[in-house]
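The chain contents come next:
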Amino acid sequence: MLGDWKPKEIEPKWQKKWEEDGAHAFDPASKKPVFSMDTPPPFTSGDLHMGHVLSYAYFDFAARYKRLRGFSVFYPQGWDCQGFPTEVKVESKFGKKLPPEEFRAKCVEWTEEFIARMKGQMVAIGFSPDWRHEYKTMSPAYHRKVQLSLLKMHEDGLVYCGEHPVFWCPYCASAIAKAETEEEERTADLNYLKFETDAVKEGFIAIATTRPELLHACVAVFVNPGDERYAGLVGKTVKVPVYGQKVSILTDADVDPAFGTGIVMMCTFGDKQDVVWTYRHNLPVIQSMDVYGRLLNAGEFSGVKIGEAKSRLVERLKECGLLIKQEKLQQVVKTHDRCKKPIELITSRQWFCKLKGFEESIKKAAREMRWVPEFTLQHLIDWANYIEWDWVISRDRVFGTPLPFWHCRKCGQVVRAKEESLPVYPLKDKPPIAKCACGGELEGEKATCDCWVDSSISPLIVSKWTEDERFHSLTYPATLRPQGTEIIRTWAFYTIYRCLMLTGKPPFKEVLVNGMVLAPDGKKMSKSLGNVIPPDKLIGEYSADAVRQWAALSGAFARDKPFSYKDIKYCKSFILKLWNASKLVEKSLEGFDSARVDAKKLKLRAVDRWMLSRMDELVKQNTANYDNYDYFAIITSMQDFFWHEFCDYYLEEAKHRLYQPEKFGEESRLAAQYTLYAVLLDTLKMLFPILPHASEEIYGEVFASREKTRLLAKSAWPEVAKQGRDEEAVKAALLLNSILSEIRRFKAEKKMALNAEVACVKVSAPEEGLVALVEEEVREAGKAGKVEVCGGEFKVEVVA
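Figured I'd write up the structure that's included with this text. (Residues numbered from 1 in each chain as written. Predicted model: local features only at pLDDT ≥ 70, side-chain atom pairs only at ≥ 80, totals over all residues. Heavy atoms only, no water.)

Notes on the overall build of the protein
Move 1: When helices and strands are tallied, the protein shows 23 helices and 28 strands.
Move 2: Taking all 800 residues of the protein together, 55% fall into the buried category.
Move 3: Taking contacts inside the protein between residues at least 6 apart in sequence as the whole, the part at least 24 apart equals 79%.
Move 4: Approximately 34400 Å² of the protein is accessible, and the part contributed by carbon and sulfur atoms is 50%. (Helix = DSSP H or I, 4+ residues; strand = E, 2+ residues; numbered from the N terminus. Buried < 20%, exposed > 50% of the residue type's maximum accessible area, 1.4 Å probe, protein only. Contact = heavy atoms within 4.5 Å. Areas by Shrake-Rupley, 256 points an atom, 1.4 Å probe, with all protein chains shown as cover.)

Here it is as structure tokens:
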């Protein structure tokens, strides 16, 4: 028998029971159709946040629904362990001076601690992965697959090592990819400097720059070929202030004549345009700074960090009379998305994946997938259209998957690891050959992989690529890739690219994209702002099912959504409504044996037929809604139906038949019991993916002993009756509900109790026959001594 709703007891009970009974286990030997999911492995550098809860709730809804629909659901769960987020956390706790192996050990220790915490949170919220298929990107097994993928791509000429300009984070001392950058607007000083030259009578030309700290790396000056002001300067030379090197004045159509004076200095490298000009005009490259952002080849300023160098150079320019003026300028600068520090462009020997030339293949594969919402596909198309460079995949960090290569110290030849020896750790493992063909010694690659190199083959990892061909064919391509909008340009893009190159197939069939959760004030949740809402606190106060219901109610598909306490309070109230109504139904079903009821022989009243017809409509609608991942439509339709149509009306309209069988007959009572049973059972099934704990508890107490399946988690999705919508019953019931609403309004105005009796209810209605179908309910639910009916426009008169 249902007791009080105690989520702190009920929720852990069912989480344990589902795991023990294998309710979430994937069976590759099953004859069922497979629904496979490539679920995002969260970074393990902190606790779960509300964004995790939102996105993971969405695909848990999908998994639970598909199980009810008869699919064998493959729902693995992994952990993205390596890379900047974890290293930054460990560095802040232990510093940057630990030996590499000790630092890595601390990273592993930190990661294991947070995996345990995050896994506990996932279980507490009711997520249902098959934990037998758990993976960690820092494990040797994962390293092996990543390294194998790189060797195969290297063999195909898609992975290469080279010295090129790359985005560089001086704070993290590592190369980063364009996709790891963000843009920040700030105010800068535009400095007008004197570049001395004999080509003009003034003895100098003025050039405006925001980066005087790079004067030592200036290798040319550019003007627009159509700018007549400077036509006579082309081919002449100027002397760079402070450092004195002479550089040529060249032309390029990319120069904006309206910026500054229309003359620009070109340094290696101030920005992306400098890179373009360097290659276009075959200019020399001066290494302007080291990996920590300290100036190189800068004379007395060598070794000075960029920020300080800027200030000191401006002071020197003033002292030498070389600074004409300064103006404030709004500019957009690139920052590293992890540490939020400004990034630079430097030339560095790195490893790359060849992206250029594959943009159309990636877009074609993406268009073959179903994107939900549809417009999110354009995010990926836009990103693919503006790929400028190949993907730099190496990182000068410790905690990452080692690149499986060695270099010859003498000739620079790259030596690959052998597949059978994977995983390899080149800094401590012996190379596959003793020496290079030239006789040089081999040195292990120090760099590790960008973390997106790891996670971009997650569909291959979980599907046992190169390991179990049958399992792989069942689960790849994945049916669903759920993820956030903010990582379309990284996780989605790189996964499509890498898996396409390695298998020739797109990695998934559908992509479900969610937005971010904002603080109630609409701002991004941030510890520094003090507006972070911990999921654990919400679960403790409102229950896991209320939090899950909030996620469905948020409707945050590819759009950011502020968290709402009002919504989650309503969600908790709805669970209580469901619970209390279920207790009433449970009591009403005493003596009811569903196995012995022949539905075709039941004498259903119009209100019963209305309820069953409405349930059919909801099953049809919400089957389509679940298939389309429209959880907002599902939860709002179920809340509205159950709270208002079922509780406010049908329960009140059927009570007299349930509690007074001696007056209204056992047949009528049986029809009402059947309707209650069918409606509540199908309601629980439709709510189960979203409210699994409360639904399972109610099912266990009310239905398990009467149904073939003891667990709701292992039951089947509700079936739709074949007779279709019962128009007569629906019209009669809607008329009845309108009549009862008028009676309730009358009693409220007269300050009468709802169960107070009235002498007479006079009803005018266009179709008198419909009133006759529900006259009993008007009399009993409305507590009317008698009911008088006549034709005409709808009107209800209540006589006290």
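There is more to say after this.
Side note on the sheet that holds strand S20 (residues 442-444)
Move 1: Ordered by their spatial adjacency, 3 strands build an open sheet running S19-S18-S20, and the pairing between neighbours is antiparallel. Edge positions in the sheet fall to strand S19 (414-416) and S20, since each has one partner strand and no second. Between one strand axis and the next, the sheet turns by 35° as a mean value, whatever way the strands run.
Move 2: As judged from the 3 bridges shared by strand S18 (residues 405-408) and S20, these two strands associate in the antiparallel manner. Bridge assignment links His407 to a residue of S20, and that residue is Glu443.
Move 3: Along the sheet face, helix H5 (residues 140-155) touches S18 and S19 and points at about 125° away from the line of S19. (Pairing = 2+ DSSP bridges. Axes fitted to C-alpha atoms, helices over the stretch in contact; angles between N-to-C directions.)

Topic: unusual backbone geometry
Move 1: Residue Phe269 is reached from Thr268 by a cis peptide bond, and omega for that bond is -5°.
Move 2: Inspection of the secondary structure assignment puts Phe269 in the loop between strand S12 (263-267) and helix H6 (272-280).
Move 3: In this structure, Lys340 is a non-glycine residue whose phi angle is positive, near 70°.
Move 4: Structurally, Lys340 is set in the loop between strand S13 (323-336) and strand S14 (344-353).

Considerations on the nonpolar core
Move 1: Core analysis: the largest hydrophobic core is formed by 138 residues, its most contacted members being Trp550, Tyr631 and Phe646.
Move 2: The dominant element in this core, judged by the number of residues it contributes, is helix H18 (residues 631-659), at 14 residues.
Move 3: In contact with Phe646, not counting residues within four places along its chain, are Val585, Met611, Phe641, Leu651, Leu676 and Val679.
Move 4: With 106 residues, the next largest nonpolar core counts Ile263, Cys267, Trp406 and Leu442 among its residues. (Core = buried A, V, L, I, M, F, W, Y, C linked by side-chain atoms within 4.5 Å.)

Some remarks on the pairing of strand S9 (residues 218-223)
Move 1: A large share of S9 lies buried, amounting to 6 of its 6 residues.
Move 2: Of the pairings in the sheet, the one linking S9 to S12 comprises 5 bridges and is antiparallel in character. Looking across to S12, one finds that Val221 is bridged to Met265.
Move 3: Two strands pair when backbone bridges link them, and S9 and strand S11 (residues 246-251) are joined in this way by 3 bridges, in the parallel orientation. Within S11, the position partnered with Val221 by the bridge is Ile249.

Observations regarding the packing of helix H17 (residues 606-627) against H18
Helix-helix packing is described using two parameters, namely the angle between the two axes and the distance between the axes.
Move 1: Running from amino to carboxyl end, H17 crosses H18 at an angle of 170°, the nearest separation of the two axes being 11 Å. Between H17 and H18, the interaxial angle falls into the category roughly antiparallel. Residues Val607, Asp608, Trp610, Met611, Arg614, Met615, Leu618, Asn622, Asn625 and Tyr626 of H17 form the contact with H18, whose own contacting residues are Tyr631, Ala633, Ile634, Ser637, Met638, Phe641, Glu645, Phe646, Tyr649, Tyr650, Glu653 and Arg657.
Move 2: Grouping the constituent residues of the contact of H17 with H18 by class yields 14 nonpolar, 3 polar and 5 charged. (Parallel < 35°, antiparallel > 145°, perpendicular 65-115°, else oblique. Nonpolar A, V, L, I, M, F, W, Y, C, P; charged D, E, K, R; others polar.)

What to know about a negative patch on the surface
Move 1: A cluster of acidic residues, Glu155, Asp156, Glu419 and Glu420, forms a negative patch on the protein surface.
Move 2: Assignment of secondary structure puts Asp156 in the loop between H5 and strand S5 (159-169).
Move 3: Classification of Asp156 by relative accessible area gives exposed; the value is 53%. (Patch = residues over 30% accessible without salt bridge, like charges linked within 9 Å, V, L, I, M, F, W, Y side chains within 5 Å. Salt bridge = Lys/Arg side-chain N within 4 Å of Asp/Glu carboxyl O. Lys, Arg positive; Asp, Glu negative; His and termini not counted. Charge placed at Lys NZ, Arg CZ, Asp CG, Glu CD.)

A closer look at the packing of helix H8 (residues 359-367) against helix H13 (residues 488-503)
Move 1: Contact pair H8 / H13: the axes reach a minimum separation of 10 Å and the direction vectors enclose 105°. Between H8 and H13, the crossing angle belongs to the class labelled roughly perpendicular. Here Ser361, Ile362, Ala365 and Ala366 of H8 lie close against H13, whose contacting residues are Phe493, Ile496, Tyr497 and Leu500.
Move 2: Class assignment for the residues of the contact of H8 with H13 results in 7 nonpolar, 1 polar and no charged.

Things to note about helix H1 (residues 7-20)
Move 1: End to end, H1 covers 20 Å across 14 residues, agreeing with the expected 20 Å (1.5 Å per residue, within 8%).
Move 2: Along H1, the positions that sit buried rather than exposed are Pro7, Ile10, Glu11, Trp14, Gln15 and Trp18. Down the axis of H1, the sector holding all buried residues measures 125°, keeping them to one side. H1 presents Lys8, Glu9, Lys16 and Glu20 as exposed residues on the side facing more than 90 degrees away from its buried surface. (Expected span 1.5 Å × (residues − 1). Arc of directions from axis to C-beta.)

Some details on the environment of Cys81
Move 1: Here Cys81 is to be found in the loop between strand S3 (77-79) and helix H3 (84-94).
Move 2: C-alpha separation for the pair Cys81 and Phe43, spaced 38 residues apart in sequence, amounts to 5.8 Å.
Move 3: In contact with Cys81, not counting residues within four places along its chain, are Thr44, Thr86, Thr111, Ile115, Lys136, Thr137, Met138 and Phe399.

Quick notes on H8
Move 1: Here H8 has its buried residues at Glu359, Ile362, Lys363, Ala365 and Ala366. Seen end-on, H8 carries its buried residues on one side only, within an arc spanning 160°. Residues Glu360 and Lys364 are exposed on H8 and point more than 90 degrees away from its buried face.
Move 2: Where H8 is buried, its residues meet strand S15 (370-372), helix H9 (377-385) and H13.

Notes on the environment of Lys178
Move 1: Take Lys178: it is sitting in the loop between strand S6 (174-176) and strand S7 (181-196).
Move 2: When the C-alpha positions of Lys178 and Thr86 are compared, they lie 20 Å apart, and in sequence the two are 92 residues distant.
Move 3: When sequence neighbours within four positions are dropped, the list of residues in contact with Lys178 reads Phe167, Trp383, Tyr386, Glu388 and Arg489.
Move 4: Only 3.3 Å separates the side chain of Lys178 from the backbone oxygen of Tyr386, close enough to count as a polar contact. (Polar contact = N/O pair within 3.5 Å; in protein donor to acceptor, adjacent residues only side chain to side chain.)

Quick word on the side chain of Thr111
Move 1: Within the secondary structure, Thr111 sits in helix H4 (residues 100-124).
Move 2: When its relative accessible area of 0% is taken as the criterion, Thr111 is described as buried.
Move 3: Setting aside residues no more than four positions away along its own chain, Thr111 makes contact with Thr44, Cys81, Thr86, Met138 and Phe399.

Overview of the pattern of salt bridges
Close approach of charged atoms allows side chains with opposite charge to pair.
Move 1: Counting across every chain of the model gives 61 salt bridges.
Move 2: In this structure, the salt-bridge partner of Arg316 is Glu319, at a minimum N-O distance of 3.7 Å. Residue Arg316 and its partner Glu319 are both found in helix H7 (residues 306-319); the two are separated by 3 residues, about one turn of the helix.
Move 3: Note that Glu510 and Arg370 form a salt bridge whose closest N and O atoms lie 2.9 Å from each other. One end of the pair, Glu510, is in strand S23 (residues 508-514); the other, Arg370, is in strand S15, with 140 residues separating them in the sequence.
Move 4: Among the residues examined, Arg370 registers a relative accessible area of 30% and is labelled partly exposed.
Move 5: Linked through salt bridges whose partners overlap, the residues forming this network are Arg614, Glu617, Glu645, Arg725 and Glu727.

Concerning the side chain of Arg64
Move 1: Topologically, Arg64 is positioned in helix H2 (residues 50-68).
Move 2: Not counting chain neighbours up to four residues away, the residues in contact with Arg64 comprise Trp18, His24, Gly126, Phe127, Ser128, Arg548, Phe688, Pro689 and Pro692.

Describing the sheet that holds strand S28 (residues 795-799)
Move 1: Pairing in this open sheet of 3 strands is mixed, and the strands run S27-S26-S28 from one edge to the other. Here the strands that pair on one side only, and so sit at the sheet edges, are strand S27 (784-791) and S28. In this sheet, neighbouring strand axes are inclined to one another by 15° on average, regardless of whether the strands run parallel or antiparallel.
Move 2: Contacting strand S26 (758-765) and S27, helix H23 (residues 768-781) runs over the sheet at an angle of about 170° to S27.

Thoughts on the environment of Lys577
Move 1: Its place among the elements puts Lys577 in helix H16 (residues 565-588).
Move 2: Taking the C-alpha atoms as reference points, Lys577 and Lys152, 425 residues apart in sequence, are found 58 Å from one another.
Move 3: Aside from chain neighbours lying at most four places away, what touches Lys577 is Phe642, Trp643, Cys647 and Asp648.

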